[in-house]
Amino acid sequence: SPLDTAPRHRAVSDRPVTMACCGKDNEEKETGLIEKRRCTDVLFCLIFAAFWGGMFIIGGTALSKGDPNLLSYGFDSNGYLCGTKPDLYPQDAGNAGITAPDFSKRQVLHYYNPQQYATMHLIPADSVCLEKCPTTTIAAGLTNDAFTCNYHGASGQSISGVGFWDTNYYDKLGATAKLASLAMSGPCYPNFVAYTPVMNRCVPTITEEQLTLLAAADTNGTSTGDITYMLSSMSGDSDKIQEYLEDLLKAWMVIVLCGFLGGLVFSIVYMTFLRYFAGCMAWVTVISFNVILIALTLYCALKGGLIGADEVGISNSGSSTNATLTGNTTSWSVGEDSENAETFEYVTYLMAAITGIALLFTLLMIRRLMIAIAVLKVASQAIAAMPMILFSPLIPFVLNVIFFGWACLVAVYLYASGELKKDDAGTVTISWDETLQYMSLYHLFGIFWTTQFIVGLGVMFTAGAIAAYYWQRESMPKSPIRRSIHRAVRYHVGSIALGSFIVAVVQFIRAVLEYIDRKTKKMQEGNPILKYVMCCVKYCMWYLEKVLKYINRNAYILVAVKGYSYCYSAIHAIKLLIMNMARIAVINTVGDFLTFLGKIVVTGICGILAFLMCDMDQYTDPESANYLSSPILPVLVVVFIAYQEADIFMGVYEMAVDTIMLSFCEDCNTSGGPHFAPPLLMSALGKSSKKTKPEDE
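Structural notes, computed from the coordinates. Since this is a predicted model, take the numbers as computed values, not measurements.

**Here we look at the overall build of the protein**
Working step 1: On a plain count of helices and strands, the protein comes out with 22 helices and 13 strands.
Working step 2: Residue pairs in contact within the protein that sit at least 24 positions apart in sequence constitute 69% of those at least 6 positions apart.
Working step 3: Surface accessibility of the protein: about 35,400 Å² in total, with carbon and sulfur atoms responsible for 63%.

**Digging into unusual backbone geometry**
Working step 1: Of note in this structure, Asp 41 is not a glycine but carries a positive phi near 50°.
Working step 2: Relative to the assigned elements, Asp 41 resides in the loop between β2 (33-34) and α2 (42-65).
Working step 3: Residues other than glycine seldom take positive phi values, yet Met 184 does so here, at roughly 60°.
Working step 4: Relative to the helices and strands, Met 184 is located in the loop between α5 (175-182) and β6 (188-190).

**Quick look at the environment of Ser 160**
Working step 1: Mapped onto the elements, Ser 160 comes out in the loop between β5 (147-149) and α5.
Working step 2: Here Ser 160 falls in the exposed class, since its relative accessible area comes to 72%.
Working step 3: For the pair Ser 160 and Lys 172, spaced twelve residues apart in sequence, the C-alpha separation works out to 9.2 Å.

**Side note on the layout of surface pockets**
Where empty space is left becomes clear once a probe the size of a water molecule has been rolled over the atoms.
Working step 1: By volume, the largest pocket is sized at about 1,200 Å³.
Working step 2: Lining the largest pocket are 35 residues; nearest its centre among them are Val 455, Val 459, Arg 553, Asp 647 and Gly 651.
Working step 3: Of all the secondary-structure elements, those providing two or more residues to the lining of the largest pocket are α12 (394-415), α13 (434-471), α15 (493-519), α17 (528-562), α19 (581-614) and α21 (632-668).
Working step 4: Among the residues forming the lining of the largest pocket, the class breakdown is 15 nonpolar, 13 polar and seven charged.

**Regarding the nonpolar core**
Working step 1: Grouped together as the largest cluster of nonpolar side chains are 106 residues, with contacts concentrated most on Val 254, Ile 383 and Leu 681.
Working step 2: Those residues in contact with Val 254 that lie beyond four places of it in its chain are Gly 259, Ala 610, Met 613, Cys 614, Tyr 619 and Val 638.
Working step 3: Counting residues in hydrophobic clusters, the runner-up holds 40 residues, among them Leu 130, Ile 138, Cys 149 and Trp 165.

**A few points about the pairing of strand β7 (residues 195-198)**
Working step 1: The sheet contact formed by β7 and strand β8 (residues 201-204) spans four bridges and is antiparallel. When the sheet's bridge partners are listed, Tyr 195 is paired in β8 with Pro 204.
Working step 2: Once β7 ends, the chain turns through two residues before running back antiparallel as β8, passing Met 199 with a positive phi of about 55°.

**A short note on the state of the cysteines**
In protein chemistry, a disulfide is the covalent bond that joins the sulfur atoms of two cysteines.
Working step 1: In total, this model carries three disulfides according to the counting rule given.
Working step 2: There is a disulfide in this structure between Cys 82 and Cys 129, and the S-S distance comes to 1.9 Å. Across the S-S bond of Cys 82 and Cys 129 the torsion is about -85°, and the bridge reads as left-handed. Of this pair, Cys 82 sits in the loop between α3 (69-72) and α4 (90-93) while Cys 129 sits in strand β4 (residues 127-130); the two residues are 47 residues apart in sequence, bridging distant segments of the chain.
Working step 3: For Cys 82, a relative accessible area of 0% puts it in the buried group.
Working step 4: Across the protein, the way the bonded cysteines pair up, counted in sequence order, is 1-2, 3-6, 4-5.

**Let's talk about a nonpolar patch on the surface**
Working step 1: A surface patch of nonpolar side chains, amounting to about 710 Å² of accessible area, comprises Trp 252, Met 253, Val 256, Leu 257, Phe 260, Leu 261, Val 265 and Val 269.
Working step 2: Looking at the element boundaries, Phe 260 is found in helix α8 (residues 252-303).

**Considerations on the packing of α12 against α13**
Working step 1: Viewed as axis vectors pointing N to C, α12 and α13 meet at an angle of 175°, and their least axial separation amounts to 10 Å. In terms of axis orientation, α12 runs roughly antiparallel to α13. Taken together, the residues of α13 that come into contact with α12 (itself represented by Ile 395, Pro 396, Leu 399, Asn 400, Phe 403, Phe 404, Trp 406, Ala 407, Val 410, Ala 411 and Leu 414) are Leu 436, Met 439, Ser 440, His 443, Gly 446, Ile 447, Thr 450, Thr 451, Ile 454, Leu 457, Gly 458 and Phe 461.
Working step 2: Broken down by class, the residue content of the contact of α12 with α13 amounts to 16 nonpolar, seven polar and no charged.

**Focus: empty space enclosed by the protein**
Working step 1: Scanning the entire structure with this criterion turns up two cavities of 30 Å³ or more.
Working step 2: What lines the largest cavity is simply Tyr 550, Asn 554, Leu 577, Ile 584, Ile 587, Asn 588, Asp 658, Met 661 and Leu 662.
Working step 3: Of all the secondary structure elements, the ones that give two or more residues to the lining of the largest cavity are α17, α19 and α21.
Working step 4: Grouping the constituent residues of the lining of the largest cavity by class yields six nonpolar, two polar and one charged.

**So, helix α18 (residues 566-579)**
An α-helical turn contains 3.6 residues, so any two residues separated by three or four positions project in the same direction.
Working step 1: Helix length check: α18, at 14 residues, gives a terminal C-alpha distance of 20 Å against a target of 20 Å (1.5 Å per residue), a fit within 8%.
Working step 2: Among the residues of α18, Tyr 566, Cys 567, Tyr 568, Ser 569, Ala 570, His 572, Ala 573, Leu 576 and Leu 577 are the ones counted as buried.
Working step 3: Contacts made by the buried residues of α18 are with α15, α17, α19 and α21.

**Topic: α5**
Working step 1: Buried within α5 are the following residues: Ala 177, Ser 181 and Leu 182. Burial along α5 is one-sided: seen end-on, the buried residues are contained in an arc of 140°. Seen from the open side of α5, the exposed residues pointing more than 90 degrees away from its buried face are Ala 175, Thr 176 and Leu 179.
Working step 2: Looking at the packing, one finds that the buried side of α5 touches β5 and β6.

**Quick look at the pattern of salt bridges**
Working step 1: By the definition in use, this model includes nine salt bridges.
Working step 2: The shortest N-O distance in the salt bridge between Arg 518 and Glu 514 comes to 3.9 Å. Taken together, the positions of Arg 518 and Glu 514, both in helix α15 and four residues apart, correspond to about one turn of that helix.
Working step 3: A relative accessible area of 31% means that Glu 514 is categorised as partly exposed.
Working step 4: Among the ionic pairs, Lys 599 bridges to Asp 647, the shortest N-O distance being 2.9 Å. Of the two residues, Lys 599 is situated in helix α19 and Asp 647 in helix α21; the sequence distance between them amounts to 48 residues.

**Regarding the packing of aromatic side chains**
Working step 1: Overall, the coordinates contain 33 aromatic pairs when judged by the stated rule.
Working step 2: Residues Phe 103 and Trp 165 carry aromatic rings whose centres are separated by 5.7 Å and whose planes lie at 85° to one another, so their mutual orientation is edge-to-face. With Phe 103 in the loop between α4 and β3 (108-111) and Trp 165 in the loop between β5 and α5, the pair connects residues that are 62 residues apart, well separated along the chain.
Working step 3: A residue is classified by how much of its surface remains accessible, and Phe 103, at 1% relative accessible area, is buried.
Working step 4: Every member of this aromatic cluster is reached through a ring pair, and the members are Phe 44, Phe 48, Phe 51, Tyr 442, Phe 445, Trp 449, Phe 453, Phe 501 and Phe 508.
Working step 5: One cation-aromatic arrangement involves Lys 178 over Tyr 170; the distance from NZ or CZ to the ring centre is 5.5 Å.
Working step 6: Sitting over the face of the ring of Trp 471, Lys 562 holds its NZ or CZ atom 4.9 Å from the ring centroid.

The rules we used
Residues numbered from 1 in each chain as written. Predicted model: local features only at pLDDT ≥ 70, side-chain atom pairs only at ≥ 80, totals over all residues. Heavy atoms only, no water. Helix = DSSP H or I, 4+ residues; strand = E, 2+ residues; numbered from the N terminus. Contact = heavy atoms within 4.5 Å. Areas by Shrake-Rupley, 256 points an atom, 1.4 Å probe, with all protein chains shown as cover. Buried < 20%, exposed > 50% of the residue type's maximum accessible area, 1.4 Å probe, protein only. 1 Å grid on protein atoms, 1.4 Å probe; cavity = no way out; pocket = protein on both sides within 12 Å on 5 of 7 lines; lining within 4 Å. Points joined across faces, edges and corners; volume = space filled by probe spheres on them. Nonpolar A, V, L, I, M, F, W, Y, C, P; charged D, E, K, R; others polar. Core = buried A, V, L, I, M, F, W, Y, C linked by side-chain atoms within 4.5 Å. Pairing = 2+ DSSP bridges. Disulfide = S-S within 2.5 Å. Patch = residues over 30% accessible without salt bridge, like charges linked within 9 Å, V, L, I, M, F, W, Y side chains within 5 Å. Salt bridge = Lys/Arg side-chain N within 4 Å of Asp/Glu carboxyl O. Axes fitted to C-alpha atoms, helices over the stretch in contact; angles between N-to-C directions. Parallel < 35°, antiparallel > 145°, perpendicular 65-115°, else oblique. Expected span 1.5 Å × (residues − 1). Arc of directions from axis to C-beta. Phe/Tyr/Trp six-rings, centres within 6.5 Å; stacked < 30°, edge-to-face > 60°. Lys NZ or Arg CZ within 6 Å of the ring centre and 35° of its normal.

Without other data, these values stay purely geometric and don't point to any function.
Shown next as structure tokens:
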């Protein structure tokens, strides 16, 4: 027969292939994985390169004009930036006796009035720029260094020989002003404890030793408890953050072993488990789903009185409307009235219909479920044949880290390129001209586009390698991953740029809608129709983005396998998805469940192990150098790292499943296909596993 005598056909075409935007230049049907190809979507490759030229220009402009001091230093109460030598604001320039401050050596911002600490998150506290944070306290005596004063020019005092911006003049005050200062009525304020610079802001450091000394100091009747409360309002958060950071440093071994190593090991173990038990897990899932539906239907029938007492062991006692459920040793009341029983009766009919449809759907989908299980197993085999593919996400990960580092740096400098302005109320804001605003929008779109471009690269790298297993198992090249990367970078950068551009446009529109939504909140509160329309538009754009990402994913797979242009691949992928809708639905449902279960299992195991390690003596003994104030943060970090690693590895598995499935659909789409499906898939179809040329069928 032709199946027995046909020569084996290598699943690689050596004919160069090129495509127009939405079609192929050659109409001859190509089979297998196309190795020799031409560049696709060259126009968008050039557009993307030109766009990045603009990104570099914006980056250079931002780095040259931006002032990072706007972010690293703080503004004092008068709106002047510490660590700089600012010019006077127009509002201050006309005041007599005021000169431009020179804060080039005053780099730290100090909030000198402790009474305002409790409300400083709502109302800005009074502050001044200092050369260093105060370390001398009133416990050492009522000396000049034990007080921090408001700027002399803004204090209402008139002291000879003291400059407008001086803050160290307590010893020159009169007796009345000194008493007022000790009572925290100004113009100077006592330093109750030493302060430490944190991000160029002075933060109080509260220790038991300082509080003991403070109890014996002259505080003008202010109790130590009140002082502690005022200071802790500001230092509490920073102290907590410091404790958490110390816990992370002390628990580094827990994070490394349970997070990084545990996530890696258990992800690989789970994927190995899937290779051998994917079928069993899939069948258990499907059967359990149907059993649960049947149980729910019976329960609703029981509550609705459609099932008699004799059938389920229920006895009705007396004339009460309550039914007593009697087991072997226990009885309880269900307490239902006629109205509830009628409701449950209707729910029973609905559940019975759903259960019947589910059972019928399951019976009709048995063959497709077998194909789905075969696809899952083949995907595991493909990963086992090239285990290094598990680390292929490292390439887009590194690219993302580099890009986001650069993008954040440019964004910070763009923000810092604005001009400081002070209004009549004394509020200082940063104003950006129209050019900077357009540059910011350009940069934002560049972030969306480049991020999606890197995602597309990752998909192409993995899909091209997995496709080699499907189409070239018996003659697979030694380095399928390297060859896949070469094909994607050499020929298909333009296709990735086009697909990522489409998604980026939708993301940019969503960002604009989010901005408009926030700006029109008050208007929407008085107009429910406008609020409803805004919600609908935002949801539609969100859904459109999800659809486009799904189409992109499958289009990239076809580009990686066949070398088609993006438009043709997207259209062809949609056709394949529609023609194989039932198969793909079953595979996606089963595959998504198993991969999600894998993420939860890996994360849970790593989290439990982290808790157990944190419960060891070296972390729970208060005398130990590695004592943890709380294991919560280290465990949360472990859980986060483990989930991210599991997501990366399961993402490779999901990509392998999608590639095998789409390759199988493409193979079935050929005359007499499939021709190159692995034996597992062929046996699921009930066909021979021998490959034949399409023209021999």
